[in-house]
Amino acid sequence: MPPNTARRRYPRSSMSTVISPSSGVLEQQYGSDNYAGICPEAWAAMDEANRGYAPSYGEDTWTERASDAFRKLFETDCEVFFVFNGTAANSLALASLCQSYHGVICADSAHVETDECGAPEFFSNGSKLLAARSDDGRLTPDAIHELATKRQDIHFPKPRVVTITQSTETGRVYTTAEVKAISAACKERGLWLHMDGARFSNACAHLGESPAEMTWKSGVDVLCFGGTKNGLAVGEAVIFFNRKLAEDFDYRCKQAGQLASKMRFLSAPWVGLLETGAWLKNGRHANEAATHFARQIEGIPGVRVSSPVDANAVFLQASDEILERLRQRGWRFYTFIGGAARFMFAWDTDLRRVDKLAADLRASAGA
Ligand SMILES: *Cc1c(COP(=O)(O)O)cnc(C)c1O
């Protein structure tokens, strides 16, 4: 997610700066859930994978174990691929679902539309994103129908895919019934259904339903399952429930620079997350932290939680003055979505620190 400032280069420390081992380490901040570190389960698996040698490019036992763990979790024989980040996962998955003259229907606030620098269009050689207006980041069957039928002439890209984000960029979660309704609309029009699950674990924790029920049993063809925001250092899994669609996906990854040669370090942490259940525990804790924060700030004059808290995000409406005072108290957060201040909670959120944030917000509001 973009910070408000347009920074194109990494900051450079001056040659004379003494870098202490702890430099750069912040107290917990809730600007994004990717400020957090690596969870112990993922770290332990990395450590174990680091003892000795293993074949490269995914021929290792860690990659096999991680792939099997996904098959077990989703209760189906899916095809699994490991890539470095979410932009690559989404872009390459979408590219595998369409030709260059096709269109991809998404919500206007979708990460693929607003935060991937045109990568979905680039990797699909020009497929056009067709963005539907949405207040909370969720698509509806009606919006899909409208975009899919608006233009049916040869001069406009032919809609071929729908992509939905679970949980959404504004912290909402689609119910399984909603996903099923979307997939029915897709089937009716011959559209594939892709799910951006950068925060799939948060959605799962919120719904309390099985990953299978939330995806392929509801008609999802391809899922990008987020690891980074769930406690990994790096890495997302692309999961094809419709295995035919995975044809040559390995070549697509390689060409895009997304085939890790030491693949075990992308896959082993997933073994740590999946085999221990940490993936769900992490999502649940992050969600609880968001709910905790929302409760702590109830009733503060001039501060309003502007979107229901389903997952691990809390969006606040407050005056610029209040937000500025909160910043002056050392808190970092972004306001790039509709002017609301966003707080994202990660797998390791310390609830006492959240209480401090709430108290500082209360003080900033003069309450
Ligand atoms: C974070 C995020 C991604 C992945 O972003 P990368 O920075 O490319 O890893 C994808 N989709 C959503 C909704 C996200 O929040």
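Structure first, text after, so check above.
Residues numbered from 1 in each chain as written. Predicted model: local features only at pLDDT ≥ 70, side-chain atom pairs only at ≥ 80, totals over all residues. Heavy atoms only, no water.

S.K.: Please clarify how the site of the ligand should be interpreted in this entry.
M.R.: Taken together, 13 residues sit near the ligand, with Gly86, Thr87, Asp196, Arg199 and Lys229 positioned nearest. Threonine 87 has a polar side-chain atom sitting 2.5 Å from an oxygen atom of the ligand. Protein contacts shield 87% of the accessible area of the ligand, which totals 390 Å² for the unbound molecule. For the shell around the ligand, the element with the most residues is helix H3 (residues 86-97), which contributes three residues. Partitioned by chemical class, the residues of the shell around the ligand number two nonpolar, six polar and five charged. (Near = heavy atom within 4 Å. Polar contact = N/O pair within 3.5 Å; in protein donor to acceptor, adjacent residues only side chain to side chain. Areas by Shrake-Rupley, 256 points an atom, 1.4 Å probe, with all protein chains shown as cover. Helix = DSSP H or I, 4+ residues; strand = E, 2+ residues; numbered from the N terminus. Nonpolar A, V, L, I, M, F, W, Y, C, P; charged D, E, K, R; others polar.)

S.K.: Quick question: what am I supposed to make of the pattern of salt bridges here?
M.R.: When the charged atoms of two side chains with opposite charge come close together, those side chains can pair. Tallied over the entire structure, the rule returns 21 salt bridges. Ionic pairing is found between glutamate 27 and arginine 353, a salt bridge with its closest N-O pair at 3.6 Å. A residue pair is termed long-range when its members are at least 10 positions apart, and glutamate 27 in the segment before helix H1 (40-49) and arginine 353 in helix H14 (residues 351-364) qualify at 326 residues. Glutamate 27 gets classed as exposed once you look at its relative accessible area, which sits at 58%. Assessed through its relative accessible area of 14%, arginine 353 is described here as buried. Put simply, aspartate 77 and arginine 243 hold a salt bridge, and the shortest N to O gap is 2.8 Å. One end of the pair, aspartate 77, is in the loop between helix H2 (61-74) and strand E1 (79-83); the other, arginine 243, is in the loop between strand E7 (236-240) and helix H10 (249-255), with 166 residues separating them in the sequence. Where salt bridges share partners, they join Asp68, Arg71, Asp77, Glu79 and Arg243 into one cluster. (Salt bridge = Lys/Arg side-chain N within 4 Å of Asp/Glu carboxyl O. Buried < 20%, exposed > 50% of the residue type's maximum accessible area, 1.4 Å probe, protein only.)

S.K.: What am I meant to see in the packing of helix H11 (residues 264-276) against helix H12 (residues 278-296) here?
M.R.: Any two packed helices are characterised by the angle at which their axes cross and by the distance between the axes. Here H11 crosses H12 at 80 degrees, and the two axes come no closer than 5 Å. Our classification of the angle between H11 and H12 gives roughly perpendicular. On H12, the residues touching Gly272, Leu273, Leu274 and Thr276 of H11 are Ala278, Trp279 and Asn282. Of the residues assigned to the contact of H11 with H12, the class counts are four nonpolar, three polar and no charged. (Axes fitted to C-alpha atoms, helices over the stretch in contact; angles between N-to-C directions. Parallel < 35°, antiparallel > 145°, perpendicular 65-115°, else oblique. Contact = heavy atoms within 4.5 Å.)

S.K.: Even after reading the chapter, I still don't get the sheet that holds strand E5 (residues 192-197), so can you show me in this structure?
M.R.: In a beta sheet, neighbouring strands pair by backbone hydrogen bonds and run either parallel or antiparallel. The strand order E1-E7-E6-E5-E4-E2-E3 describes an open sheet built from seven strands, whose pairing is mixed. On the outer flanks of this sheet lie E1 and strand E3 (128-132), each paired with one strand and no other. Going across the sheet, the axis of each strand differs from the next one's by a mean of 20 degrees, ignoring polarity. Note: E1 against E7, five bridges, orientation antiparallel. In the sheet register, valine 83 faces E7, and the bridge partner there is glutamate 236. (Pairing = 2+ DSSP bridges.)

S.K.: How do you make sense of the nonpolar core when you look at a structure like this?
M.R.: Side chains that are nonpolar tend, in soluble globular proteins, to be buried together. Counting 56 residues, the largest nonpolar core has Phe70, Leu139, Val162, Phe225 and Trp270 as the members making the most contacts within it. Two domains each put at least three residues into this core: domain 1 (16-37 + 284-364) and domain 2 (40-278). (Core = buried A, V, L, I, M, F, W, Y, C linked by side-chain atoms within 4.5 Å. Domains from an automatic or database assignment.)

S.K.: When you look at empty space enclosed by the protein in this model, what are you seeing that I'm missing?
M.R.: Empty space among the atoms can be located by rolling a probe the size of a water molecule over them. Under the definition given, this model contains one cavity of 30 Å³ or more. Roughly 30 Å³ of volume is contained in the largest cavity. What lines the largest cavity is Ala107, Ala110, Gly137, Leu139, Thr163, Ile164, Thr165, Glu169 and Tyr174. The element that contributes the greatest number of residues to the lining of the largest cavity is strand E4 (residues 158-165), accounting for three residues. Residues belonging to the lining of the largest cavity are distributed by class as follows: five nonpolar, three polar and one charged. (1 Å grid on protein atoms, 1.4 Å probe; cavity = no way out; pocket = protein on both sides within 12 Å on 5 of 7 lines; lining within 4 Å. Points joined across faces, edges and corners; volume = space filled by probe spheres on them.)

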